[in-house]
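This is what each chain is made of:
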Amino acid sequence: MSNSIAILGAGESGTGAAVLATKKGHRVFVSDKGLIENKYKEVLSQYRIEFEEGKHTEELIFAADEIIKSPGIPDEIDLIRRVKALSKPVISELEFAGRYTRAKKLCVTGSNGKTTTTLLLYHILKNAGLDVGLCGNVGKSMAMLLAERDYDYLVIEVSSFQLDGMFDFKADMAILTNITPDHLDRYDGKFENYAASKFRIIKNQRDTDYFIYCNDDPEILNRLDIYKPSASCYPFSIAGDIKREGAFLDSKHQPNKMYFNIKSDIMIMTLEELALKGMHNAYNTMAAGIAARLLDIRKESIRNSLADFQGIEHRLEFVATIRGVDFVNDSKATNVNSAWWALDNGYKPIIWIAGGIDKGNDYSEIADLVAKKVKAIICIGVNNDKIIRQLGRYVDVCVEAASMREAVEMAYQLGTKGDQVLLSPACASFDRFNNYEDRGNQFKKAVINL
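No experiment lies behind these values; they were computed from the predicted model shown.

Q: I would appreciate a short explanation of the overall build of the protein in the present structure.
A: Scanning the protein from N- to C-terminus turns up 17 helices and 20 strands. Here the C-alpha radius of gyration of the protein, 22 Å, is about what a compact globule of 450 residues would show, namely 22 Å. Across its three principal directions, the C-alpha atoms of the protein cover 65 × 55 × 40 Å. Relative to its full complement of 450 residues, the protein shows a buried share of 57%. If you take every contact in the protein between residues at least 6 apart in sequence, the share linking residues at least 24 apart comes to 65%. Taken as a whole, the protein presents about 18900 Å² of accessible surface, with 48% of it coming from carbon and sulfur. In the protein, 57 positive and 61 negative side-chain charges are present, and the distance between their average locations comes to 2 Å.

And the structure:
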């Protein structure tokens, strides 16, 4: 049935939804209160989609049968409140796109590790010769991908903001990597609201579906009885033997061995065999490995994929060694827990470049780790007061830089042989950068230019 659809936001998500909706015969109007990037304007023009920028023409939005809201737009803004007061459905691009696929949807969410897990799972399926597409928070939006063609399988990285606008969408396989405080500014400062959003990944699942989760995360375990998954559950853990099917490290006897126990069939790999190093990546590997085994991909194919996967850009990405100092780009660390992983996996002493848009962060959670491993903090945010107040006393040097170039030059001057300069901001990037990729690229450019 043809509807009139108003799409709010003309980034990757909104433009993808506009193209898919147009191809499916809907009448589409796109409205962006900011300026639309040229590459998206060109796509909208190519499909003769009506759009506006720099404003919201409310009468056109209110006249639509359905509103698709881009994930970056909060539910609490006045426009969205008034749309909902008219009983107009407000959905996410994910919800809309899910209507137009026959694919098995393998959905990955979590505060940290979801991008690596998503890419690793896609890598395994691709290497196994399956007809698989990659979309969501990584790569193309789901709608844009499906506007081109459908697939047998879709591996989808899903954010909490996308889940908030999900109602009938169902993940055939849901992976929840962890839940740590993030985006609390969008959830009334309440962690419980954010956690509830993450658990929407299992909404609408049946007993024929799968739910894969971290058994070491107390926030997940504490909520299993609340949300009562209907799907078959498969936990993973680095803390020891899982007394059911799932994946684990044999921490007591052979801590270097990873066990996948799926369908009463054991697959074992050593940590040395894995391409991704570090305990945080052990979790990501187990999550992707369980999913692959549940899809009956051959063990040998999974082994090969887990052994040859290349890490992702801007996530613990080694850049260069200069004068004996290693420079590492972890720009994708946009929350405190991500930065914790980076600091914990780094070696000391660390010169830590941090800061950006604070999302309700509590830096005191990592104070002990900073005291042990960090010798200097270089702040790159517009407002660094909270970092300086909560962490400054634990390090020898805590200074502010006006640009990424200045931050890198400061780090270079402070560093001595054996140090690590780590960009792991623990914050969003939009105060001084276009996105975390721009932030990471500026860091790499500044390092290369030293």
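Q: Which parts of the structure should I look at to understand the nonpolar core?
A: Nonpolar side chains tend to gather and get buried jointly when the protein is soluble and globular. The biggest cluster of nonpolar side chains holds 97 residues, and the ones touching the most others in it are Met 142, Leu 154, Ile 156, Phe 211, Ile 212, Phe 236 and Ile 290. Apart from the residues within four sequence positions on either side, Ile 212 is in contact with Met 173, Ala 174, Ile 175, Leu 176, Tyr 234, Phe 236, Ala 287, Ile 290, Ala 291 and Leu 294. Among the nonpolar cores identified, the runner-up in size contains 22 residues, and Leu 343, Ile 350, Val 370 and Leu 422 belong to it.

Q: Could you clarify how one ought to interpret helix H9 (residues 191-198) in this entry?
A: Since the α-helix packs 3.6 residues into each turn, any two residues three or four apart lie on the same face. Where H9 is concerned, the buried positions are Phe 191, Tyr 194, Ala 195, Ser 197 and Lys 198. All buried residues of H9 fall inside an arc of 155° around its axis, so they share one side. Residues of H9 that are buried make contact with strand S6 (104-109), helix H8 (160-164), strand S9 (173-176) and helix H10 (218-227).

Q: Where do I start with the sheet that holds strand S16 (residues 325-329) in this structure?
A: Hydrogen bonding along the main chain pairs the strands of a sheet, whether they run parallel or antiparallel. Sheet architecture is open: six strands sit in the order S15-S16-S20-S17-S18-S19, paired in mixed fashion. A single partner strand is all that each edge strand has here, and the edge strands are strand S15 (317-322) and strand S19 (397-400). Going across the sheet, the axis of each strand differs from the next one's by a mean of 20°, ignoring polarity. The pairing of strand S18 (residues 374-379) with S19 spans four bridges and is parallel. Among the inter-strand pairings, Ile 378 is bridged to a residue of S19, identified as Val 399. Running at roughly 160° to S18, helix H16 (residues 404-414) makes contact with S15, S16, strand S17 (350-354), S18, S19 and strand S20 (420-423) of the sheet.

What counts, and at which threshold
Residues numbered from 1 in each chain as written. Predicted model: local features only at pLDDT ≥ 70, side-chain atom pairs only at ≥ 80, totals over all residues. Heavy atoms only, no water. Helix = DSSP H or I, 4+ residues; strand = E, 2+ residues; numbered from the N terminus. Rg over C-alpha atoms; globule rule 2.2 N^0.38 Å. Buried < 20%, exposed > 50% of the residue type's maximum accessible area, 1.4 Å probe, protein only. Contact = heavy atoms within 4.5 Å. Areas by Shrake-Rupley, 256 points an atom, 1.4 Å probe, with all protein chains shown as cover. Lys, Arg positive; Asp, Glu negative; His and termini not counted. Charge placed at Lys NZ, Arg CZ, Asp CG, Glu CD. Core = buried A, V, L, I, M, F, W, Y, C linked by side-chain atoms within 4.5 Å. Arc of directions from axis to C-beta. Pairing = 2+ DSSP bridges. Axes fitted to C-alpha atoms, helices over the stretch in contact; angles between N-to-C directions.

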